[in-house]
Every structure is written in structure tokens, then in C-alpha cells.
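# Report on the structure
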Amino acid sequence: MKKITRRQFGKGVAAAAAATYAGVALPRFAFGEPLPAPLYYPKGFLWGCATASYQVEGGARDDGRGPSVWDTFSHTPGKTHDGDTGDVADDSYHLYKEDVRLLKNLGVQTYRFSISWSRVFPTGKAPVNQKGLDYYNRLVDELLANNITPYVTMFHWDLPQALPGGWENRDTSKAFADYVAYVSKHLGDRVHHFMTTNEFVCFTDLGYRYGQFAPGLKLPAAQANQVRHHGILAHGLGVQAIRANTPSGTQVGLAENATVYVPIIETDEHIEAARKATRRGNAPFLTTLMEGKYPDFYLQEEGANAPKVEPGDMEAIGSKLDFVGLNIYTPFYVRADDSPKGYVEIPYPKSAPHMASPWIILGPECTYWSVRNVCDLWKVPAIYITENGTSSDDVLTADGKVYDTDRIMYLRNHLTQLHRATQEGYPVKGYFLWSLLDNFEWADGYSKRFGIHYVDFKTLKRYPKLSAEWYKQTIAKNAVE
Ligand code: PNW
């Protein structure tokens with residue numbers, strides 16, 4: 001499609017001024033020139049969908065898979081909504097070809113999925129379970145046969161249950177590196193994009209400090225900080241392992257739900273406040289990775305609870321990355337102030353609109369600011385939005401359709417903001433919509449649907465929602481409308 005210039009578009013507006021809708025004259029644009037539409041993305045921009053192993057695979061006991069902490073947690077009464085588990089989930093372990101067909105039909109260029117560590121190493125360590133790796137070989141081959149580029153996450157929270165002490169134990173970081181070395185060596189001939197870990201805060205703090213995710217512990221600060229350290233150490237050793245076991249040119253990054261700070265209004269002082277907040281608010285995770293050391297203020301604030309670091313840890317943790325993946329759902333607003341921190345967070349007004357999951361506040365500009373803050377602070381070479389999407393109270397109608405207009409509203413707004421980042425020259429390479437299909441939403445079980453395909457969890461039949469149709473058009477046009 002040809003790009004419309006401002007001048008041509010202006011003429012269109014003049015012609016449209018006389019237009020009517022349902023017999024009523026439409027107003028003229030009140031102020032100057034409207035934005036050109038549609039919003040074209042850069043040529044070669046990569047569109048994709050994302051999923052994670054425990055959320056979609058099912059086949060929990062098939063072909064020698066060992067239990068993960070999420071099997072244990074979800075089978076513990078009271079831990080998940082209605083006692084839901086990932087035993088069957090979407091059964092993608094058996095239905096993966098159908099899922100690849102859904103991807104193909106959307107026209108995506110990429111698919112982000114994760115490997116179940118305990119499928120490949122049932123106890124977390126050798127011996128390997130060849131049948132487990134074979135599943136990922138089949139999935140990768142099926143994707144490539146359909147011209148879809150695989151983006152592989154090594155760890156999306158399903159830690160092998162058998163590893164003693166889980167992330168409390170430093171050995172787990174080393175076991176991770178061994179597992180990553182093996183998998184990257186065997187997939188690296190066909191997979192050229194790897195992410196080490198997904199969302200540190202969810203598998204460290206939420207699992208070990210607040211207890212709402214597996215393994216459900218509520219440890220004191222010193223131990224919880226050590227868990228965080230083992231998480232980022234695993235990432236660092238994982239980067240080294242991938243680099244050592246794959247051809248040069250292989251792209252290595254991670255997927256991180258960095259807390260995104262949005263300046264209340266765009267003035268220099270508030271923009272600066274948002275940048276400071278980004279560095280401080282992500283101190284134990286992304287900030288430390290990007291700077292190769294724990295920030296001084298973090299160590300001071302944690303005092304005696306600060307993590308214990310061994311020689312070589314920080315070099316690994318600070319390993320250079322080819323890209324940073326950001327999982328973006330919700331904004332946090334800040335303003336400048338005179339305190340030593342230089343900013344204060346603004347609480348949401350009670351009336352702040354949210355999506356079906358109450359923690360997803362509608363604030364699409366956070367997608368733009370996530371990219372801008374991270375790039376301005378740390379000059380990263382490439383950025384992907386590795387997740388973005390929302391739950392919705394989807395209803396399957398008698399004609400087999402789901403009219404998820406609120407999800408489309410959410411996506412359209414976020415993609416409009418991401419477009420701004422691409423236009424300003426930030427190196428955003430691609431976007432992965434969360435999620436390809438409804439799946440096991442962790443502690444919320446099957447009560448929250450994030451898919452652009454509806455899944456009937458009794459029959460496992462998949463139905464494209466209206467949002468799938470909308471995303472398909474977005475991809476085909478390489479533009480948001
Ligand atoms: C991400 N929160 O998790 C995960 O990467 C996905 O596995 C998940 O399904 C998706 O977002 C939707 O929730 C999060 O409560 C889960 O702030 C919860 C939170 C954030 C991220």
C-alpha cells in the first residue's frame with residue numbers, strides 16, 4: 001500500500017468535511033492537520049505471538065517429563081483458581097501442528113515459545129530425556145516448514161521440582177547453564193534467537209517472597225534477595241552457555257517485565273523523573289544486568305540483606321546482550337520532585353480504567369516509554385516487545401465467534417504508542433502478542449483468557465476471536481488502523 005503524504009491526506013480531510021454518518025454531518029477536525037493514517041511500521045518489522053510451556057503444553061506426564069514446581073503448586077489445594085492445573089492446558093504437546101496452522105493463518109513471521117526444562121531434564125540435571133527434546137525438534141521444524149522464525153525462551157517459571165532448594169540454591173543457576181548449553185547446542189542449528197529467562201520478579205519475588213506463585217514461599221528479605229541473585233546469575237551463565245554452544249550470529253537476550261514509568265506530562269523534568277524511576281525501580285534486575293553491577297543505592301538500602309556475590313558472578317550477569325525483550329502490560333506514573341530520588345510515584349485514581357485482570361491498568365503510552373526509557377538509559381542495540389496483550393471476559397457466541405472489542409481497543413492503543421517509538425528511531429525490531437491462545441494463567445488458572453484464539457477447555461477446540469482477525473490485518477498491512 002502507498003504511504004499517504006500529509007498534503008494528500010489534508011486534501012482527503014477537506015473532501016471528508018462534508019461527510020455524514022447516519023444523516024448527521026460529521027464535524028471538521030478542530031485543530032490543524034490530523035495525524036497521517038494508517039500508521040505504517042518500518043519495513044521488515046517482525047510480528048509474532050508468544051506462549052509458554054507450562055501454560056499451553058499439557059502432556060504433563062507424557063514421554064518422561066518430570067514435574068516442575070508449577071505442577072506441585074497447582075496440585076496443592078487453594079493455590080490456583082478452582083484448583084486448576086496445567087496437566088492438559090491447551091494440549092499443545094499433541095496439537096502443536098494445529099497451533100502452527102493458527103500462526104500461519106495470522107501471517108506472523110515469528111513465534112515465541114518456551115522450553116519445559118523438566119521435559120528435557122526430568123530431574124533438572126543429566127541424564128537427558130531425548131523424547132522431551134524431540135518435541136521441541138518437531139515444533140521447530142514445523143515452524144520453519146511454515147516460514148515462521150522460532151524465538152525460544154529457556155525458562156518461563158517451570159523449574160524442575162527435583163532440584164534441591166530451587167532458586168534458593170546457587171547450584172540451580174549452574175544447573176540452568178548446563179541445561180541451556182545442551183538445548184542451545186541441539187536447537188542452535190535452526191534457532192537463532194534465544195531468551196534466557198522470563199520476568200525475574202515473577203519467579204523470584206512472587207514465588208519466594210510473596211508466595212502467590214510457585215513454590216509459594218514467604219522468605220525474609222536476605223534469603224529473597226539471594227533468590228533474586230541466583231535468578232540473574234542463571235541468566236548470565238545462560239548467556240555464556242548459549243554463546244559457547246551456538247554459531248556466531250546467534251542473537252541472545254531475555255524477556256523482562258521491567259516496571260515501566262511514564263512521566264505524568266512530557267516536560268524535561270518529568271521525563272528525567274521517569275528515567276530515574278526506571279533505573280531505581282528495576283534495580284535488582286534489569287539495571288544490574290545492564291550496568292554489570294548492583295547499583296550502590298540498592299546495596300545501601302538492602303544493607304545486611306544485600307545478596308552475597310561470588311567472584312565472576314557480576315561478569316556473567318553483565319554479559320552483553322544482542323537484544324532486550326520487554327513484556328508490557330501496565331503503566332506506573334511518576335512526577336519530578338526535590339527528594340534525593342528525584343521522583344515520586346502517582347497512585348492511580350480510583351477511577352483508572354483496567355482490563356479484565358485488575359492489575360492491567362489501561363495506559364498504552366507505557367509501551368512507548370518502556371522502549372524510550374530503556375534505550376535512553378542503556379543504549380541497547382535492539383528491543384523487542386516480547387509480550388503485550390490483555391485478558392478479556394470473552395464469550396463464545398452461538399455462531400462460534402468472540403467479539404473481544406475491548407482487547408482490540410487495548411492492542412490498537414499499545415501498537416499506536418509503539419509506532420511512535422519506531423518513528424523516533426528507537427531500535428524496535430518486533431512485537432509478540434500475548435497470547436496466541438487462551439491458556440493456563442498461573443494462579444488465575446483458566447479464569448482469565450489472554451488469547452486471540454478462544455479455547456474451549458473441554459473439547460480443546462480453538463476459535464479465532466475478532467482480535468485474531470484484527471491482528472491478521474495489522475500484520476498484512478504492516479500498519480495500525
Ligand atoms: C506475564 N502481575 O506474567 C507472563 O510472562 C505470562 O506468562 C502471563 O500469562 C502474562 O504476563 C499475563 O499475565 C505476569 O501480576 C503475570 O503483575 C502477573 C503479573 C505480571 C506479569
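The rules behind each value
- Residues numbered from 1 in each chain as written.
- Predicted model: local features only at pLDDT ≥ 70, side-chain atom pairs only at ≥ 80, totals over all residues.
- Heavy atoms only, no water.
- Helix = DSSP H or I, 4+ residues; strand = E, 2+ residues; numbered from the N terminus.
- Contact = heavy atoms within 4.5 Å.
- Axes fitted to C-alpha atoms, helices over the stretch in contact; angles between N-to-C directions.
- Parallel < 35°, antiparallel > 145°, perpendicular 65-115°, else oblique.
- Left-handed = near helix turned anticlockwise from the far one by under 90°.
- Nonpolar A, V, L, I, M, F, W, Y, C, P; charged D, E, K, R; others polar.
- Phe/Tyr/Trp six-rings, centres within 6.5 Å; stacked < 30°, edge-to-face > 60°.
- Buried < 20%, exposed > 50% of the residue type's maximum accessible area, 1.4 Å probe, protein only.
- Lys NZ or Arg CZ within 6 Å of the ring centre and 35° of its normal.
- Core = buried A, V, L, I, M, F, W, Y, C linked by side-chain atoms within 4.5 Å.
- Near = heavy atom within 4 Å.
- Polar contact = N/O pair within 3.5 Å; in protein donor to acceptor, adjacent residues only side chain to side chain.
- Areas by Shrake-Rupley, 256 points an atom, 1.4 Å probe, with all protein chains shown as cover.
- Expected span 1.5 Å × (residues − 1).
- pLDDT = per-residue confidence, 0-100.
- Pairing = 2+ DSSP bridges.

## Here's the deal with the environment of Gln240
Mapped onto the elements of the fold, Gln240 is located in helix H10 (residues 221–245). Between the alpha carbons of Gln240 and Asp444 there is a distance of 35 Å; along the sequence they are 204 residues apart. Excluding its chain neighbours within four sequence positions, the residues that come into contact with Gln240 are Ala316 and Ser319.

## Focus on the packing of helix H4 (residues 92–106) against helix H6 (residues 130–145)
For the pair H4 and H6, the least separation of the axes is 10 Å and the interaxial angle reads 15°. Comparing the axis directions of H4 and H6 gives the class roughly parallel. Like other packed secondary-structure pairs, H4 and H6 cross with a definite hand, here right-handed. Along the contact surface, H4 presents Ser92, Tyr93, Tyr96, Lys97, Val100 and Leu103, while H6 presents Lys131, Tyr135, Arg138, Leu139, Glu142 and Leu143. For the contact of H4 with H6, a count of residues per class yields seven nonpolar, one polar and four charged.

## Some words on the packing of aromatic side chains
For any pair of aromatic rings, geometry is given as the distance between the ring centres together with the angle between the planes. Summed over all chains, the structure comprises 47 aromatic pairs. Arranged with centres 4.9 Å apart and planes meeting at 85°, the rings of Phe155 and Phe203 form a pair that is edge-to-face. Residue Phe155 is found in strand E6 (residues 149–155), and its partner Phe203 is found in helix H8 (residues 200–203); the two are separated by 48 residues along the sequence. The exposure class of Phe203 is buried, given its relative accessible area of 3%. Ring centres 5.3 Å apart and planes at 35° place the aromatic pair Trp157 and Phe213 in the tilted group. With Trp157 in the loop between E6 and helix H7 (171–187) and Phe213 in the loop between helix H9 (205–209) and H10, this pair connects stretches of sequence that are 56 residues apart. The exposure class of Trp157 is buried, given its relative accessible area of 6%. Taken together, the ring pairs connect Trp117, Phe121, Phe155, Trp167, Phe176, Tyr179, Tyr182, Phe200, Phe203 and Phe285 into an aromatic cluster. Across from the ring centre of Tyr93, 4.0 Å away, lies the NZ or CZ of Arg119, which sits over that ring. Above the face of the Tyr463 ring, Lys461 is positioned so that its terminal group lies 4.8 Å from the ring centre.

## Examining the nonpolar core
Soluble globular proteins tend to pack their nonpolar side chains together in the buried interior. Counting residues in each nonpolar core, the largest one holds 130 residues, and the members touching the most others are Trp70, Trp117, Trp167, Tyr431 and Tyr471. Beyond its immediate sequence surroundings of up to four residues, Trp70 is in contact with Tyr54, Thr80, Trp157, Asp158, Phe213, Ala214, Phe440, Trp442 and Ala443. By size, the runner-up hydrophobic cluster in this structure holds seven residues, among which are Tyr261, Ala274, Ala277 and Val334.

## With respect to the site of the ligand
Around the ligand there are 13 residues in total, and Gln55, His156, Glu387, Glu441 and Trp442 lie nearest to it. The contact in question runs from an oxygen atom of the ligand to an N or O atom on the side chain of Glu199, over 3.1 Å. At a separation of 2.5 Å, an oxygen atom of the ligand approaches a polar side-chain atom of Glu441. Its free accessible area being 450 Å², the ligand has 86% of it covered by the protein chains. Classifying every residue of the shell around the ligand by side-chain character gives six nonpolar, four polar and three charged.

## Points about H6
Between its terminal C-alpha atoms H6 stretches 22 Å, which fits the 22 Å expected from 16 residues at 1.5 Å a residue. Tucked inside the fold, the buried residues of H6 contact helix H2 (53–56), H4, strand E5 (110–114), helix H5 (117–120), E6 and H7.

## Considering the environment of Asn305
Its place among the elements puts Asn305 in the loop between helix H13 (296–302) and helix H14 (313–317). Along the backbone, Asn305 and Ser339 are 34 residues apart, and their C-alpha atoms lie at a distance of 24 Å. When near neighbours in sequence (up to four residues on either side) are disregarded, Asn305 contacts Ala221, Ala222 and Asn225.

## So, the confidence of the model for the protein
The predicted coordinates should not be examined in detail at positions where pLDDT is low. With 93% of its residues at a pLDDT of 70 or more, the protein has an overall mean of 94. Low pLDDT (under 50) marks residues 1–18, which in the prediction has 20 contacts with non-local residues, meaning those over four places away or in another chain. Taken as a whole, residues 26–30 scores under 50 in pLDDT and shows seven contacts with residues more than four places along the chain or in a different chain.

## Things to note about helix H12 (residues 283–291)
Of all nine residues making up H12, seven are buried, and the element is well covered by its neighbours. Buried within H12 we find Ala283, Pro284, Phe285, Leu286, Thr287, Thr288 and Leu289. Looking one or two residues beyond H12, the residue adopting positive phi is Gly292, at roughly 70°.

## Looking at the environment of Tyr368
Tracing the chain through its elements places Tyr368 in helix H15 (residues 365–378). Of the residues examined, Tyr368 reaches a relative accessible area of 0% and is grouped as buried. A C-alpha to C-alpha distance of 31 Å links Tyr368 and Tyr208, two positions 160 residues apart in sequence. Dropping the residues within four chain positions of it, Tyr368 is found in contact with Gln417, Arg420, Ala421 and Glu424.

## Let's talk about the sheet that holds strand E12 (residues 343–346)
On the basis of which strands lie adjacent, the open sheet formed by three strands has the order E9-E11-E12 and mixed pairing. Edge positions in the open sheet fall to strand E9 (261–263) and E12, since each of these has one partner strand only. Strand-to-strand twist across the sheet, computed as the mean angle between neighbouring axes with direction ignored, equals 45°. For E9 and strand E11 (residues 332–336), the ladder comprises three bridges, and the chain directions are parallel. Along E11, the bridge assignment pairs Tyr261 with Phe332. In the packing of H15 onto the sheet, contacts are made with E9 and E11, and the angle to E9 comes to roughly 100°.

## With respect to the pairing of E12
It is a general feature of regular strands that their side chains alternate between the two faces of the sheet. Of the pairings in the sheet, the one linking E11 to E12 comprises four bridges and is antiparallel in character. Residue pairing in the sheet places Ala336 in a bridge with Tyr343 of E12. In sequence, E11 turns back onto E12 through a hairpin of six residues, with Gly342 there showing a positive phi of about 90°.

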